[in-house]
Amino acid sequence: MPALALVGLYAAQSITGSMVQSALPVVLRDAGVGLDRIGLLSLLFIPWVLKVFWSPLVDRFATPRRWILTCQGLLCLCFLVGAAFAPERHLGALLPVVFAMAVLAATQDIATDAAGVHATTRRTRSLASGASTVGGYAGFLIGGGLWLWIYARLGWEISMIFLAVAMLLLTLPVRALRIGRPEPAARPPSPLLSLKNPVLMRGAGLLLLWQGGVRLGLAMTGPMLVDAGFSMELIGWLRGAGGMAAGLIAAVAGTVLCRRFGPRPVLLAAGGGIGTCCAGLALWAAAPGALWQLAALQLGLSALTAVSFVALYAEMMNWCAPAQVATDFALLQSLDAALAVATGILAGQLAQHMGYAPVFGLAVVLLMSALPLVRRLAGTCSAPEIPLKNMEIAE
């Protein structure tokens, strides 16, 4: 599967995720919805946490291509239906539609990850992980930034129709892909079998430490900029266009580096860099310096995180058993999603009662604890790849 096709698939699912989790709260607040009700939108993140429980269906039935086409077609329909329910007047009717979008996007993500793993080998897996990261940033720009811009100028209905059209355009290349699936396993795919996979379980331990550190480091960067005295315009640039541009460039660079040197040295270098940035942020929080130093540390953290995602996702793909790739990878991603919720709460409590420095200090401790596991686990696989039948591009 060409990397560009995977970029489009990951952009498609990221459009929905960024719209639901990042842009919709802005729209609801603009419509006068109370902060207490907006806070409940975090419940829409649940499908990404729980998707492991229906991921075996993707391994057992149909092909990744059919799952992807079905989910993206239904997402187009949901955007069109949602266009009829402006949040300021029909929030109660809109939320079930948005929840359906979240379920479909999470399911599409399961199928895309499975297709990416089966379409690559250990030597080429960084292409799929790089496509995942680049596509994620591209989808965020469309579903978060561009959608909000259209909403502000043309209103809710046109902005939702725009997302339907964008999803349709990203679906068209998928129709040219003939994606098969491996021969049925001796036993039906199940999360219980994932728990018996020693490589996957050791990888899950690494993921907890690594992503715990990374997500703690990222959780309080926005509020810290506000408290440091940055203007909203400058924060918008740092966390919007500037941060996304840095992330996209870094993701491409990470893909090239992983192809050249392999994921392990890239992951180790990125971890050291992220730890250095978090240590710098802890020191800045304890003894504030120039604002440009804080901005540079935050941009550096964003870029190095993007590089680390490319290398880490390549390793995660290697840990999955070929007979139940969708189930294994969904388990890791569900763990990561639950971790994002937990670290967000922990970071908020620590920052509120102890300040920002302990948050970034704990991030450094977790990352440094993860580095020895990277040396032991990087490059390990659950089993040799099982090539897919009919994996080709239609003429």
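Here the structure is a predicted model, which is why all the values come from computation and not from measurement.

A.B. asks: Which parts of the structure should I look at to understand the overall build of the protein chain?
C.D. replies: The number of helices and strands found in the protein chain is 17 helices and two strands. Evaluated residue by residue, the protein chain yields a buried proportion of 51% over its 395 residues. Excluding contacts between residues fewer than 6 apart, the proportion of contacts in the protein chain whose partners are at least 24 apart in sequence is 85%. Accessible surface for the protein chain amounts to roughly 16800 Å². Of this, 68% is attributable to carbon and sulfur atoms.

A.B. asks: Before we go on, may I ask you to explain a nonpolar patch on the surface in this structure?
C.D. replies: On the surface, a nonpolar cluster with roughly 710 Å² of combined accessible area is contributed by L80, L154, I158, I161, V165, L168, L169 and L172. Top element by residues in the nonpolar patch is helix α8 (residues 156–171). It accounts for five residues. Structurally, I158 can be placed in helix α8.

A.B. asks: What is the right way to read the nonpolar core from this model?
C.D. replies: Across soluble globular proteins, you tend to see nonpolar side chains buried next to one another. Counting residues in each nonpolar core, the largest one holds 75 residues, and the members touching the most others are W210, M316 and W319. For this core, the element with the highest residue contribution is helix α15 (residues 291–319), accounting for 14 residues. With residues up to four places along the chain from it excluded, the contact list for W210 reads L267, G271, S308, L312, L367, A370, L371 and V374. The next biggest cluster of nonpolar side chains, apart from the first, holds 31 residues, and it includes L24, C76, L163 and A164.

A.B. asks: When you look at the packing of helix α7 (residues 125–154) against α15 in this model, what are you seeing that I'm missing?
C.D. replies: Two packed helices can be described by the angle between their axes and the distance between those axes. Close contact between α7 and α15 brings their axes to 8 Å; oriented N to C, the two are set at 135 degrees. Considering the angle they form, α7 stands oblique to α15. The hand of the α7/α15 crossing is right-handed. Across from R125, S126, A128, S129, G130, S132, T133 and Y137 in α7, the residues of α15 making contact are S302, A306, F309, V310, Y313, A314, M317 and N318.

A.B. asks: It is not clear to me how the packing of aromatic side chains should be interpreted in this structure. Could you clarify?
C.D. replies: Given two aromatic rings, one states the distance between the centres and the angle between the planes to describe the pair. One pass over the full model with this rule turns up five aromatic pairs. Ring geometry for W147 and W156: centres 5.8 Å apart, planes at 70 degrees, overall edge-to-face. Residue W147 shares its accessibility class with W156, and that shared class is buried. Plain terms: the ring middles of Y313 and F329 are 5.9 Å apart, the flat faces sit at 70 degrees to each other, and that makes the pair edge-to-face.

A.B. asks: What am I meant to see in the confidence of the model for the protein chain here?
C.D. replies: Caution applies to low-pLDDT regions: their predicted coordinates should not be interpreted in detail. Residues of the protein chain with pLDDT of at least 70 account for 86%, and the chain-wide mean is 80. Here strand β2 (residues 392–393) stands out as the element of the protein chain with the lowest mean pLDDT, 35, in contrast to helix α14 (residues 263–286), whose mean of 91 is the highest. For the stretch residues 383–395, pLDDT sits under 50, and the model shows 36 contacts to residues farther than four places along the chain or on other chains.

A.B. asks: Quick question: what am I supposed to make of the pattern of salt bridges here?
C.D. replies: According to the stated counting rule, one finds two salt bridges in the structure shown. Close ionic contact of K51 with D109 constitutes a salt bridge, the shortest N to O distance being 2.9 Å. Highlighted residues: K51 in the loop between α3 (46–50) and α4 (55–60) and D109 in helix α6 (residues 87–118), separated in sequence by 58 residues. An identical accessibility class is assigned to K51 and D109; each is buried.

A.B. asks: What am I meant to see in the packing of α15 against helix α16 (residues 325–354) here?
C.D. replies: Taken N-terminus to C-terminus, the directions of α15 and α16 make an angle of 135 degrees; their axes are 9 Å apart at the nearest point. Relative to α16, the element α15 is oriented oblique. Contact with α15, carried on its side by Y313, M316, M317 and W319, involves F329, L332, Q333 and D336 of α16 and no other residues of that element. Taken together, the residues that form the contact of α15 with α16 break down as six nonpolar, one polar and one charged.

A.B. asks: How should I be thinking about α7 in this particular structure?
C.D. replies: Three or four residues apart is the spacing at which side chains of an α-helix point the same way, because the helix has 3.6 residues per turn. If you check α7, its first and last C-alpha atoms are 41 Å apart, about what 30 residues at 1.5 Å a residue would give, namely 44 Å. Of all the bends in α7, the largest measures some 30 degrees and sits at W147. Directly after α7, the chain includes G155, whose backbone phi takes a positive value near 95 degrees.

A.B. asks: Looking at this structure, I do not really get the side chain of S159. What am I missing?
C.D. replies: Turning to its location among the elements, S159 is positioned in helix α8. A polar contact is formed between the side chain of S159 and the side chain of W147, at a distance of 3.1 Å. Setting aside chain neighbours within four positions, we find S159 in contact with W147, I150 and Y151.

A.B. asks: Hey, could you run me through the environment of E157 in this one?
C.D. replies: You can see E157 is positioned in helix α8. With a relative accessible area of 49%, E157 lands in the partly exposed category.

A.B. asks: Got a minute to help me understand the state of the cysteines in this structure?
C.D. replies: One covalent bond between the sulfur atoms of two cysteine residues makes up a disulfide. Across all of its chains, the model carries zero disulfides by this definition. The cysteine C78 is free of any disulfide, with C76 supplying the nearest cysteine sulfur at 9.5 Å. Of the cysteine sulfurs around C278, a residue in no disulfide, the closest is that of C277, at 7.0 Å.

About the cut-offs
- Residues numbered from 1 in each chain as written.
- Predicted model: local features only at pLDDT ≥ 70, side-chain atom pairs only at ≥ 80, totals over all residues.
- Heavy atoms only, no water.
- Helix = DSSP H or I, 4+ residues; strand = E, 2+ residues; numbered from the N terminus.
- Buried < 20%, exposed > 50% of the residue type's maximum accessible area, 1.4 Å probe, protein only.
- Contact = heavy atoms within 4.5 Å.
- Areas by Shrake-Rupley, 256 points an atom, 1.4 Å probe, with all protein chains shown as cover.
- Patch = residues over 30% accessible without salt bridge, like charges linked within 9 Å, V, L, I, M, F, W, Y side chains within 5 Å.
- Salt bridge = Lys/Arg side-chain N within 4 Å of Asp/Glu carboxyl O.
- Core = buried A, V, L, I, M, F, W, Y, C linked by side-chain atoms within 4.5 Å.
- Axes fitted to C-alpha atoms, helices over the stretch in contact; angles between N-to-C directions.
- Parallel < 35°, antiparallel > 145°, perpendicular 65-115°, else oblique.
- Left-handed = near helix turned anticlockwise from the far one by under 90°.
- Phe/Tyr/Trp six-rings, centres within 6.5 Å; stacked < 30°, edge-to-face > 60°.
- pLDDT = per-residue confidence, 0-100.
- Nonpolar A, V, L, I, M, F, W, Y, C, P; charged D, E, K, R; others polar.
- Expected span 1.5 Å × (residues − 1).
- Bend = angle between axes of the 7 residues up to and from the residue.
- Polar contact = N/O pair within 3.5 Å; in protein donor to acceptor, adjacent residues only side chain to side chain.
- Disulfide = S-S within 2.5 Å.

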